Amino acid sequence: MLKIRQTDPRSPRATRRSFLAGGAAATGAIVIGFRLDLKNTARAAAGPDLSGVKADPNAFVRIGADDTVTVIIKHLDMGQGNTNGLATILADELDADWSRVRTEFAPADAARYNNLLMGPIQGTGGSTAIANSWFQLRKAGAAAREMLVAAAAYQWKVPAAEITVANGVVRHAASSRQARFGELAASAATLPVPQEPRLKDPSQWTLIGQRTPRLDSAAKTDGSAVYALDIRRPGQVTAVVARPPRFGGAVKSFDDTATRKVAGVVDVVAIPSGVAVVAKDTWSAMKGREALKVVWDDGAAETHSSDAILAGYREQAKRPGLVASERGDAEAGIKGAAKVLEAEFTFPYLAHAALEPLNATIEQAPDGGYDVYAGLQFQTIEQAAVAAVMGTTTDKVRLHTQWAGGSFGRRATPTADYIAEAATILKATRARAPVHLVWTREDDMSGGYYRPTIYHKVRAGLDAKGGIVGWQHVMIGKSIMIGSPFEAMIVKNGIDSTTVEGASDTAYALPAYRFEVHNAREGVPVLWWRSVGHSHTAQAMEVFIDELAHAADVDPLAYRLSLLTGAPRLSGVLKLAAEKADWDAGSKANGKGRGLGIAAHESFGSYVAMVADITAEDAKVKVNRIVAAVDVGVAVNPDVIRAQVEGAVGFALSSVLRNRITLKDGVVQEKNFDTYEPTRMSEMPVVEVHIMPSSAAPTGIGEPGVPVLAPSISNAIFAATGQRLRSLPLDLAGLKGV
Amino acid sequence: MLNLTVNGVRHTVDADPEMPLLWALRDHLDKTGTKYGCGIAQCGACTVHLDGQPVRSCQTRIGDVGEAKITTIEGISGRVAEAVQGAWRKLDVVQCGYCQSGQIMSAIGLLTDNPKPSEADIDGAMDGNICRCGTYQRIRAAIHEAARTLA
């Protein structure tokens, strides 16, 4: 039984502002002055100790008289299932009945709902939702539980220490009394909040570590879940925007005569990003835009082709770059090496291509404030951006976060681009009607904010025994942070850690290592794409390590393990994946078009290894099976973790096999799923996910499954065919199967 | 003015006969469970049933629907629909969930015609439905699960 601290319900500190009433969040004007500390998000495991966070049940849980326990979710759920994990954490400490647990997205309130790993910013990203909330929600649940127990103790006149709680019921065994949460909530709400509630010992967890069925399954299988695109406000109009065909372009002039004749079109307005066509419905807005004649001004536009941009990188990489990491003398090591290997890796721009295209609804309320409905991922920034456009203060901007139909990073922009754009249309139409801004698929795909195109060149020397005596690494790509409001805080000595993460800080024991980076400056907007820098650094590191292992004539698993003696969690997942995939036997049968490839990588404080089993045919690869092992600390909800890794494979596979965004004279060529085709059912491999038992504080799994897929497949292709494919998407044209 | 029968209810819609059924459902009849993903029949998010057959509503003009009965995710019922929805929930297939209306409409179509589909049958019936979250493994498992329920 748990020891319960008894609290006197008659305490003068008692307040009615309670978890029962929900405590409407008090929002004050927020001065924009962000500090986004991505060092924390990148390495959540080694991040700050968050156990001192205050217990604030009023912010995170509401218990209804009908026994429902509503957990307030401060993050965006774009499919990664964080609502389930976050609710699980709180519900476990509360000893709630899972079948009565509901979730609700929090309003914008940077004081209450900031991401503890992002400083004063409310936002979702960097696979931090669970990691930053772990102590916050445990404390909130534990405090609420103690308040319920104290209320029962007072009513029953029994010692709190004799009271037990399970499944939403509070009991006193000796007097055979019990009460449901709903019966106690009102009186519990009058109690002071215990500041140091006692947290459970892991042995007492009843939900954490178990499969808690997803709370969103029902609504997402009967059409009732509301996404941003489904928002219907009274009298709303739909807007689509004609934007310049090249990034950085502008409107020179436009003729809307024909547009205004299209049935359903109600307005055409010039806005900073282009020309908005406003109509009664989406179809009419799209027809109206087709009829619009715009003359574009490409004077300041990016007009390069993506091939030329990459060719420029290759040249620039020959010049000295910024040193992001250095130890030992790599050049001297390579000079004295018995064998020298060199490889080049290129990566294309990638679109996020979430299935729900970008969209947002904004309206002016009778009180003069503004209400925004969208898949809001960076609430504090979005609130500030809307306030800036409307010329008001942030307290006048209310945000209503909706389920998001995917994001993969795209809904979190430092500029709040499409949210701000919706506000510009509301302003240009004088807020006559609620405006629903819809980006068509073509707008979404050609609208930039891509995973940057990247070039890596790696050179390493081996001694006679296969030991790595020098590693020189040069990479070039456009920084996400330089030029953003976060530049001053994130970029150190010209180096953006989100560009080089996963390579400059490699876990491999490389005594002589030099990593240089160049920041490219082309006018293509770039952004984090599920796993950010790791989406390319893992491929460069893990394929090249594989090459070195083969050059040293050592088994690729054994070779890695020999270099990871100081990285027990990474080597742990490698061993687990290898064991479950029967690596030793399977890899002996490599060749003749069939092969196993292995890769491992740490990202966002989580460790993932994968063994890919592939069949190579002429100009074609079939991925048969992926065996994954993950170490995310405490597995809050193992089934959601498995789902995220399965999904990471499905998401990333098409970027391994074919996806690329290409620019021709500055114009994006891929506009829809016919030319940028996501993975389909028939291509999906069998995915097995094994979770490493751990008592470490939980980290994230939204992103870490992505980086290792490409190298595991690339290495398997080599094992199957002897052909080394490095750049993504894999150039399968020359592949010879057997 | 056009008449459309959606989920057993007859509606009058004041819209261009060229308008895709998708937008009439979403913007005029408030049936937002049917999703827009691509507008060019590449993703299947807009899948509805016309007289029981799965069609891409983004490519179906309302002027061409005539007397056909339209069923959307909000209106599915019967043994197959219940088996499919039950399996989706039992296996927690969904992630973002945005494509799942279309996936479910395609799966119901498949299992109605073929109560015991092979892996190849599933590939054939479901390859037109994109899930960007990559839930395919669970969709496949849920279809098999629903088939067992129906057996």
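Residues numbered from 1 in each chain as written. Chains lettered and ligands numbered in written order. Predicted model: local features only at pLDDT ≥ 70, side-chain atom pairs only at ≥ 80, totals over all residues. Heavy atoms only, no water.

**Here's the deal with the overall build of chain A**
And step 1. Across its full length, chain A holds 21 helices and 26 strands.
And step 2. For chain A, whose C-alpha radius of gyration is 27 Å, the value lies close to the compact-globule estimate of 27 Å for 738 residues.
And step 3. Considering only C-alpha atoms, chain A reaches an extent of 80 × 70 × 45 Å along its principal axes.
And step 4. Across the 738 residues of chain A, 64% fall into the buried class.
And step 5. Long-range pairs, those at least 24 residues apart, make up 78% of the contacts in chain A with a sequence separation of at least 6.
And step 6. By element, 52% of the accessible surface of chain A is carried by carbon and sulfur atoms, the whole surface being about 25600 Å².
And step 7. Within chain A, the 77 negative side-chain charges are centred at a point lying 3 Å from the centre of the 80 positive side-chain charges. (Helix = DSSP H or I, 4+ residues; strand = E, 2+ residues; numbered from the N terminus. Rg over C-alpha atoms; globule rule 2.2 N^0.38 Å. Buried < 20%, exposed > 50% of the residue type's maximum accessible area, 1.4 Å probe, protein only. Contact = heavy atoms within 4.5 Å. Areas by Shrake-Rupley, 256 points an atom, 1.4 Å probe, with all protein chains shown as cover. Lys, Arg positive; Asp, Glu negative; His and termini not counted. Charge placed at Lys NZ, Arg CZ, Asp CG, Glu CD.)

**Examining the side chain of A:Ser655**
Residues and elements named next belong to chain A.
And step 1. Along the polypeptide, Ser655 turns up in helix H20 (residues 638-657).
And step 2. On the basis of relative accessibility, which here comes to 9%, the residue Ser655 falls in the buried class.
And step 3. Among the polar contacts made by the side chain of Ser655, one reaches the main-chain carbonyl oxygen of Ala652 at a distance of 2.6 Å.
And step 4. Excluding residues that lie within four positions of it along the chain, Ser655 makes contacts with Leu350, Trp529, Leu728 and Pro729. (Polar contact = N/O pair within 3.5 Å; in protein donor to acceptor, adjacent residues only side chain to side chain.)

**Looking at the packing of aromatic side chains**
All names here are of chain A.
And step 1. Taken as a whole and judged by the stated rule, the model has 13 aromatic pairs over all chains.
And step 2. The interplanar angle of 80 degrees and the centroid separation of 6.1 Å between the aromatic rings of Phe247 and Tyr450 together place this pair among those described as edge-to-face. Here Phe247, found in the loop between strand S7 (237-242) and strand S8 (250-255), pairs with Tyr450, found in the loop between helix H13 (441-446) and strand S18 (454-462); they are 203 residues apart in sequence, far enough to count as distant.
And step 3. A residue is classified by how much of its surface remains accessible, and Phe247, at 13% relative accessible area, is buried.
And step 4. Residue Tyr450 is classed as buried on the basis of its relative accessible area, which comes to 0%.
And step 5. Ring centres 6.1 Å apart and planes at 90 degrees place the aromatic pair Phe378 and Trp528 in the edge-to-face group. (Phe/Tyr/Trp six-rings, centres within 6.5 Å; stacked < 30°, edge-to-face > 60°.)

**Some thoughts on the interface of chain A and chain B**
And step 1. Between chain A and chain B, the residue contacts involve 61 residues of the former and 51 residues of the latter.
And step 2. Across the interface of chain A and chain B, roughly 4500 Å² is buried in total on both sides, 53% from carbon and sulfur atoms.
And step 3. The interface formed by chain A and chain B includes six salt bridges.
And step 4. For A:Asp639, the salt bridge goes to B:Arg138, with nearest N and O atoms at 3.0 Å.
And step 5. At the boundary of chain A and chain B, one finds 36 residue pairs in polar contact (both at pLDDT 80 or more).
And step 6. Looking at the side of chain A that touches chain B, the elements that each hand over two or more residues are helix H8 (282-290), H13, H20 and strand S26 (686-691) of chain A.
And step 7. Counting residues per element, the side of chain A that touches chain B draws most heavily on H20(A), at nine residues.
And step 8. Considered class by class, the residues forming the side of chain A that touches chain B number 27 nonpolar, 18 polar and 16 charged. (Buried area = accessible area lost by both parts, 1.4 Å probe. Salt bridge = Lys/Arg side-chain N within 4 Å of Asp/Glu carboxyl O. Nonpolar A, V, L, I, M, F, W, Y, C, P; charged D, E, K, R; others polar.)

**Quick notes on the packing of helix H3 (residues 82-94) of chain A against helix H5 (residues 129-156) of chain A**
Think of two packed helices as two axes; the pair is described by the angle between the axes and how far apart they sit.
Residue and element names in this part refer to chain A.
And step 1. At a closest axis distance of 6 Å, the pairing of H3 and H5 adopts a crossing angle of 35 degrees. Our pair here, H3 against H5, has a crossing hand that is right-handed. Contacts between H3 and H5 involve Asn82, Gly85, Leu86, Ile89, Leu90, Glu93 and Leu94 from the first element and Ala129, Ile130, Ser133, Trp134, Leu137, Arg138, Ala140, Gly141, Ala142, Ala144, Arg145 and Leu148 from the second.
And step 2. Split into classes, the residues belonging to the contact of H3 with H5 amount to twelve nonpolar, four polar and three charged. (Axes fitted to C-alpha atoms, helices over the stretch in contact; angles between N-to-C directions. Left-handed = near helix turned anticlockwise from the far one by under 90°.)

**Considerations on the pattern of salt bridges**
And step 1. By the definition in use, this model includes 55 salt bridges over all chains.
And step 2. Salt-bridge contacts for A:Lys457 lead to A:Glu342; the nearest nitrogen and oxygen are separated by 3.5 Å. Taken together, the positions of A:Lys457 in strand S18 and A:Glu342 in strand S13 (residues 339-347) put the pair 115 residues apart, joining distant regions of the chain.
And step 3. In this structure, B:Glu119 and B:Arg140 form a salt bridge, with 2.6 Å as the shortest nitrogen-oxygen distance. Of this pair, B:Glu119 sits in helix H4 (residues 119-126) while B:Arg140 sits in helix H5 (residues 136-150); the two residues are 21 residues apart in sequence, bridging distant segments of the chain.
And step 4. Judged by its relative accessible area of 17%, B:Arg140 falls in the buried class.

**Here we look at the sheet that holds strand S6 (residues 177-180) of chain A**
Residue and element names in this part refer to chain A.
And step 1. Taken in spatial order, the three strands of this open sheet run S4-S5-S6, and their pairing is antiparallel. The sheet is open, and its two edges are formed by strand S4 (163-166) and S6, each paired on a single side. Looking at each pair of strands side by side, their axes are set apart by 20 degrees on average, direction ignored.
And step 2. Relative to S6, strand S5 (residues 169-172) runs antiparallel, the two being bridged by four bridges. Opposite His172, over in S6, you have Arg177 as the bridge partner.
And step 3. Against the sheet, H5 contacts S4, S5 and S6, and its axis sits at roughly 135 degrees relative to S4. (Pairing = 2+ DSSP bridges.)

**A short note on unusual backbone geometry**
Residue and element names in this part refer to chain A.
And step 1. For the bond running from Leu728 to Pro729, omega is -10 degrees, close enough to zero to count as cis.
And step 2. For Pro729, the position within the fold is in the segment after helix H21 (709-721).
And step 3. With phi around 60 degrees, Asp95 is a residue other than glycine that occupies positive phi space.
And step 4. Locating Asp95 in the fold gives a position in the loop between H3 and strand S3 (101-105).

**Observations regarding the sheet that holds strand S20 (residues 513-520) of chain A**
All names here are of chain A.
And step 1. Pairing in this open sheet of five strands is mixed, and the strands run S12-S20-S19-S18-S13 from one edge to the other. One side of each edge strand has no neighbouring strand; the edge strands of this open sheet are strand S12 (322-327) and S13. For this sheet the average axis-to-axis angle between neighbouring strands, irrespective of direction, equals 10 degrees.
And step 2. Pairing of S18 with strand S19 (residues 468-478), which is carried by nine bridges, proceeds in the antiparallel orientation. Its bridge partner lying in S19, Ile454 is registered against Gly477.

**Comments concerning the domain arrangement of chain A**
Residues and elements named next belong to chain A.
And step 1. The assigned domain composition of chain A is domain 1 (38-204), domain 2 (228-299 + 358-438) and domain 3 (306-350 + 450-721).
And step 2. The straight-line distance from the C-alpha centre of domain 1 to that of domain 2 is 37 Å.
And step 3. Of the residues lining the interface, 17 residues belong to domain 1; the matching set on domain 2 comes to 18 residues.
And step 4. Carbon and sulfur atoms supply 62% of the area that domain 1 and domain 2 bury against each other, a total of about 1300 Å² over both sides.
And step 5. If you look at where domain 1 meets domain 2, you find zero salt bridges.
And step 6. Counting across the domain 1 and domain 2 interface gives five residue pairs in polar contact (both at pLDDT 80 or more).
And step 7. Tallied by class, the residues present in the side of domain 1 that touches domain 2 amount to ten nonpolar, five polar and two charged. (Domains from an automatic or database assignment.)

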